[in-house]
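Tertiary structure, described
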Amino acid sequence: MFPKYDVIVVGAGHAGCEAAAAAANLGSKVLLVTMNMQTIAQMSCNPAMGGIAKGQIVREIDALGGYSGIVSDKSAIQFRMLNRSKGPAMWSPRTQNDRELFSAEWRKRLEQTPNVDFFQEMVKGLLIEKDEADGMRVAGVVTGMGIEIQARSVVLTNGTFLNGLIHIGDKQFGGGRTGEKAAHGITEQLVSLGFESGRMKTGTPPRIDGRSLDYTKMEIQNGDTEPCKFSFLDNTSPLEKTSTSQRKQHNCWITYTNEAVHEVLKTGFEKSPMFTGRIKGLGPRYCPSIEDKITRFAERERHQLFVEPEGWETVEMYLNGFSTSLPEDVQYEALTKIAGFEKVKLFRPGYAIEYDYFPPQQLHLTLETKLVQHLYFAGQINGTTGYEEAACQGLMAGINAHLKLNDRAPFILQRSEAYIGVLIDDLVTKGTEEPYRMFTSRAEYRILLRQDNADMRLTPKSFELGLASEDRYKKVQEKVKQCHEVMRYFKTESIEPFEINPVLEAIGSSPLTQKVKLFSVLSRPNLTMIDFSLYCNRVKEFLQLYRWDSIEQAEILMKYEGYISKESELADKMQRLEDLVLHEDFNYMELGSLSSEAREKLSKVKPRTIGQASRISGVSPADISILMVYLGR
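Figured I'd write up the structure that's included with this text.

The subject of this paragraph is the sheet that holds strand β3 (residues 48-50). Whether parallel or antiparallel, the strands of a sheet pair through hydrogen bonds between backbone atoms. Taken together, 3 strands build an open sheet; the order of strands is β3-β5-β4 and the sheet is antiparallel. Either end of the sheet is taken by a strand with one partner, and the two such strands are β3 and β4 (76-82). Neighbouring strand axes in the sheet, compared pairwise and without regard to direction, differ in orientation by 15° on average.

Here it is as structure tokens:
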């Protein structure tokens, strides 16, 4: 019935879709196994992509040749660039998306991708081969119907489905998400093979009938007047002004809880699975439930809520900020106390879900497991939370599964090269005991890892792998060329006081008294390329020859030249430690001069380099010095 596949991907969430696409586009024969073909890339929580740090990840996925950026653009109903008031290292793109269109677009792209087959079934176990010399190796999967499908490699992206348990008040029932059953068997088998597992928890808010809301009592949250997009490719978003069929963006709204809402919520605490101890797994620290918020931040009189549409053609609304597992009657009564929600109608209540995960220190940096060869984990199975975090892991797992099958070097991104590199290094090196999400603060080189330069950082690497297309690579080369030409112009051409002083006076900056280089003027705060193009005709004529993304890139590189240079030097120094490779079979227990904690942690993590070893909790600088002496450095 089935051929032997190169890669089987289990689960068709964001991680599974990217894993399948990456491996297939590199040339592997892929089978994507999902429990429901109608929910491929389902947005189980909020219908949005990107946001702070997450937007950077989506752009990196796109730069590497993944599909998340394109799909997000094509299904976008609103676009906002967050943190525009801060420096460019903090700018974070975000789209509000049509939930159904997002899923449909993902399915269409996968169906149009050569080498991808589909099968709708639950996977209950893995086929494992054991060899005395090489240890364990995955050989395929076993489905719920007992069908054995062979493969040379398997990527597990099970999301919240592994022994999933849904909680609403004092009710609980098995499920991977509402309306879908949980997956059983995989956790038990992996534990029997020697894997360590744990439990985590996440939640989702109630879905609202938008016709029952009074939007006049809420604040409107508009999209950007000049909407951008995620993908570096052209013509991917219907919101762009250059689009031949441009669509007007949907609004979102902001409202707030109040003391009356809080008092109603408190009446349900005695039935809350979180407070009664029925939920054992840890929830996301940075996305707490509403009952958690009013307990942890009791001094606050209100909490902000975002009312977000679920699509172009639906009245369903997502209430961002009101995740809860309280009884449904308490949820409803509390909602009626919110401004604009007095006559609210529910489509379905919010709920919490508990699920199994596997601490990610059991993985290599390629996301291959250390215990079983050619078995990869990606997404929430590794303890992360969020579509974007899952998608980038799937992409990297799919790439590395293909590379290992073809005896090619692994593809590992450094912390100085991508947010994806930071995320995977954090997981594998430090582990996580609570749902992990990405923040800009986790990246020590965030000035280098901006959303605007993801293509320049990563597309050449992906093109070398054979994943990014030649057209995409040539587009990046042209951007780099144009950027350098604009910078050269600003560093060599001068400007007269009369040409620029009106602009300087308008922004409260000291006027020029003599002719100076354009570069020195641009370095002033609050002065942009747009100002030059508006007030200086010869500069305007020059800039009209170039694409705006190249001009913006040149502006950032010139304005922040000193900071970028300093951070690049720090990254280069750290890279020297990353170049010192540690063998996987290194016996740390034999190095008696290491601290006992260091020996234990190093033996568990098995770091790939001295740099990775230095980031392990419990490994001191003195321990690193000992390792370097041992290596003869």
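Another point: the pairing of strand β16 (residues 304-309). Of the strand pairs in this sheet, strand β15 (residues 252-256) and β16 are connected by 4 bridges, and their pairing is antiparallel. Within the sheet, the bridge partner assigned to Y256 lies in β16 and is Q304. As defined by bridge partners, β16 adjoins strand β17 (residues 316-320) across 4 bridges and the pair is classed as antiparallel. Counterpart to F306 in the pairing with β17 is N320. Where β16 hands over to β17, the hairpin turn is made up of 6 residues, counted between the paired strands.

On to the sheet that holds β15. Taken together, the 6 strands give an open sheet; going across it, the order is β14-β15-β16-β17-β13-β18, and neighbouring strands pair in antiparallel fashion. Of all strands in the sheet, those with a lone pairing partner are β14 (219-221) and β18 (346-348), marking the two edges. Recorded for the sheet is a direction-independent mean angle of 35° between the axes of neighbouring strands. The sheet contact formed by strand β13 (residues 207-209) and β17 spans 3 bridges and is antiparallel. Residue pairing across strands places I208 opposite M317, the latter belonging to β17.

Turning our attention to a nonpolar patch on the surface. Side chains of I530, L534, Y535 and W548 sit close together on the surface and give an oily, nonpolar patch of about 450 Å² of accessible area. The greatest single-element share of the nonpolar patch, amounting to 3 residues, is contributed by helix α16 (residues 529-535). Position of Y535 among the secondary structure elements: in helix α16.

Assignment of secondary structure puts S153 in strand β9 (residues 148-156). Ignoring any residue separated from it by four or fewer positions in sequence, one finds S153 in contact with D6, V7, I8, V138, H374, Y376, A401 and L405.

Under the defined criterion, the tally for this structure stands at 3 cavities of 30 Å³ or more. Its volume calculated, the largest cavity comes out at about 150 Å³. What lines the largest cavity is a set of 16 residues, and nearest its centre among them are L365, I412, L413, Q414 and D425. Considering each element in turn, the lining of the largest cavity owes the most residues, 4 residues, to helix α11 (residues 419-430). A per-class count over the lining of the largest cavity returns 7 nonpolar, 4 polar and 5 charged.

About the criteria used
Residues numbered from 1 in each chain as written. Predicted model: local features only at pLDDT ≥ 70, side-chain atom pairs only at ≥ 80, totals over all residues. Heavy atoms only, no water. Pairing = 2+ DSSP bridges. Helix = DSSP H or I, 4+ residues; strand = E, 2+ residues; numbered from the N terminus. Axes fitted to C-alpha atoms, helices over the stretch in contact; angles between N-to-C directions. Patch = residues over 30% accessible without salt bridge, like charges linked within 9 Å, V, L, I, M, F, W, Y side chains within 5 Å. Areas by Shrake-Rupley, 256 points an atom, 1.4 Å probe, with all protein chains shown as cover. Salt bridge = Lys/Arg side-chain N within 4 Å of Asp/Glu carboxyl O. Contact = heavy atoms within 4.5 Å. 1 Å grid on protein atoms, 1.4 Å probe; cavity = no way out; pocket = protein on both sides within 12 Å on 5 of 7 lines; lining within 4 Å. Points joined across faces, edges and corners; volume = space filled by probe spheres on them. Nonpolar A, V, L, I, M, F, W, Y, C, P; charged D, E, K, R; others polar.

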